[in-house]
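Chain and residue survey
Residue strings, one per chain:
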Amino acid sequence: MMIVIMLILSYLIGAFPSGYVIGKLFFKKDIRQFGSGNTGATNSFRVLGKPAGALVTFLDIFKGFIVVFFPLWLPVHADGPISTFFTNGLIVGAFAILGHVYPIYLGFKGGKAVATSAGVVFGVNPILLLILAVIFFAILYLTKYVSLSSIIASICCIIGALLIRDYILLVVSACIGILLIFRHRTNIVRIFKGEEPKIKWM
């Protein structure tokens, strides 16, 4: 029962709509009505500005990071293969990512999983996240496309999981990668058409 509570709690924390709350609280704006209509970090930078975007990014990363440690902090007992699987930090983190993408507080319409996924990876493998961050910013510097940088970094995470033979990370990163690409499908179309907005701060 405690495992179910832990997973639900992870989802609810992940579902906290940082961009929406910051927009409403400090700017009296519903971020969903501007830019891409997304509640995540990229649209927060675009609509609310750099300081607010940075705060939203931090909060979205933090909520993915913090839930990874729930199996250590909460009185959960893994006494079989199924319970052991669901008390893995990556699996718990995956529920926070689902919450971020499909938040119950906003009619299941949230962000695109990038920052919260980074928080989960940071919690389980900081070195891998550092490598992925270098790849992300290198692609971002070359292309100025956040969406493309995110997709390539997610693919590299899958490759990284293969190289270090972390098969739970492989399964989770593959699933999140598919979800991330699905969430960026309109961005991909705009990139091919040359219509995708480029960042201007790098």
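Residues numbered from 1 in each chain as written. Predicted model: local features only at pLDDT ≥ 70, side-chain atom pairs only at ≥ 80, totals over all residues. Heavy atoms only, no water.

Thoughts on the nonpolar core
Among the nonpolar cores identified, the biggest contains 19 residues, and Ile97, Val121, Leu128, Cys157, Leu169 and Val172 are the most heavily contacted of them. If you look at the next biggest cluster of nonpolar residues, it comprises nine residues, including Ile66, Val67, Phe70 and Ala96. (Core = buried A, V, L, I, M, F, W, Y, C linked by side-chain atoms within 4.5 Å. Buried < 20%, exposed > 50% of the residue type's maximum accessible area, 1.4 Å probe, protein only.)

Description of the pattern of salt bridges
Counting across every chain of the model gives three salt bridges. Arg32 is paired through a salt bridge with Asp30; the nearest N and O atoms lie 2.8 Å apart. Residue class for Arg32 comes out partly exposed when judged on its relative accessible area of 29%. (Salt bridge = Lys/Arg side-chain N within 4 Å of Asp/Glu carboxyl O.)

A short note on unusual backbone geometry
Unusually for a residue other than glycine, Phe108 sits at a positive phi of about 65°. Its location among the elements puts Phe108 in the loop between helix H7 (89–101) and helix H8 (114–124). Although it is not a glycine, Arg165 adopts a positive phi angle of roughly 60°. Locating Arg165 in the fold gives a position in the loop between helix H10 (146–163) and helix H11 (167–183). What makes Arg165 exposed here is its relative accessible area of 63%. (Helix = DSSP H or I, 4+ residues; strand = E, 2+ residues; numbered from the N terminus.)

As for the UniProt feature "transmembrane region" (unreviewed entry) in the protein chain
Under the local residue numbering, the UniProt record ascribes the feature "transmembrane region" (unreviewed entry) to residues 6–27, 52–73, 85–108, 120–142 and 148–181. Here residues 6–27 is 86% helix and 0% strand, with 33 Å between the C-alpha atoms at its ends. A distance of 26 Å separates the end C-alpha atoms of residues 120–142, which is 96% helix and 0% strand. (UniProt positions renumbered as here; feature names shortened; annotations may be inferred.)

What to know about the packing of aromatic side chains
Inspection of every chain in the model, using the stated rule, returns six aromatic pairs. For the pair Phe136 and Phe137, a centre-to-centre distance of 5.1 Å together with 90° between the ring planes defines the contact as edge-to-face. In textbook terms, an aromatic cluster arises when at least three aromatic residues are bridged by ring pairs, as seen for Phe65, Phe69, Trp73 and Phe122. The ring of Phe34 has Lys29 lying over it, and the distance from NZ or CZ to the ring centre is 5.2 Å. (Phe/Tyr/Trp six-rings, centres within 6.5 Å; stacked < 30°, edge-to-face > 60°. Lys NZ or Arg CZ within 6 Å of the ring centre and 35° of its normal.)

Description of the packing of helix H1 (residues 2–14) against H7
The interhelical angle for the contact between H1 and H7, taken along N-to-C directions, is 40°, at an axis separation of 6 Å. By the angle class used here, H1 and H7 are oblique. As for the relative orientation of H1 and H7, their crossing is right-handed in sense. Facing H1, whose interface residues are Met6, Leu7, Ser10, Tyr11 and Gly14, H7 presents Val92, Phe95, Ala96, Leu98, Gly99 and His100. (Axes fitted to C-alpha atoms, helices over the stretch in contact; angles between N-to-C directions. Parallel < 35°, antiparallel > 145°, perpendicular 65-115°, else oblique. Left-handed = near helix turned anticlockwise from the far one by under 90°. Contact = heavy atoms within 4.5 Å.)

Notes on the side chain of Ser154
Relative to the helices and strands, Ser154 is located in helix H10. Here Ile151 takes part through its backbone oxygen, which lies 2.6 Å from a polar atom of the side chain of Ser154. Those residues in contact with Ser154, other than ones at most four positions away along the chain, are Gly177 and Leu180. (Polar contact = N/O pair within 3.5 Å; in protein donor to acceptor, adjacent residues only side chain to side chain.)

A closer look at helix H3 (residues 41–48)
Among the residues of H3, Ala41, Asn43, Ser44, Val47 and Leu48 are the ones counted as buried. Buried residues of H3, seen end-on, are gathered within an arc of 155° and therefore sit on one face of the element. Those residues of H3 hidden inside the fold are in contact with helix H2 (18–27) and helix H4 (50–67). Backbone geometry just downstream of H3 places Gly49 in the positive-phi region, at approximately 100°. (Arc of directions from axis to C-beta.)

Some remarks on the packing of H7 against H11
Close contact between H7 and H11 brings their axes to 10 Å; oriented N to C, the two are set at 10°. Judged by the inter-axis angle, H7 sits roughly parallel to H11. Where H7 approaches H11, its residues Leu90, Ile91, Ala94, Ile97, Leu98 and Val101 are matched on the opposing element by Ile168, Leu169, Val172, Ile176, Leu179 and Arg183. Partitioned by chemical class, the residues of the contact of H7 with H11 number 11 nonpolar, no polar and one charged. (Nonpolar A, V, L, I, M, F, W, Y, C, P; charged D, E, K, R; others polar.)

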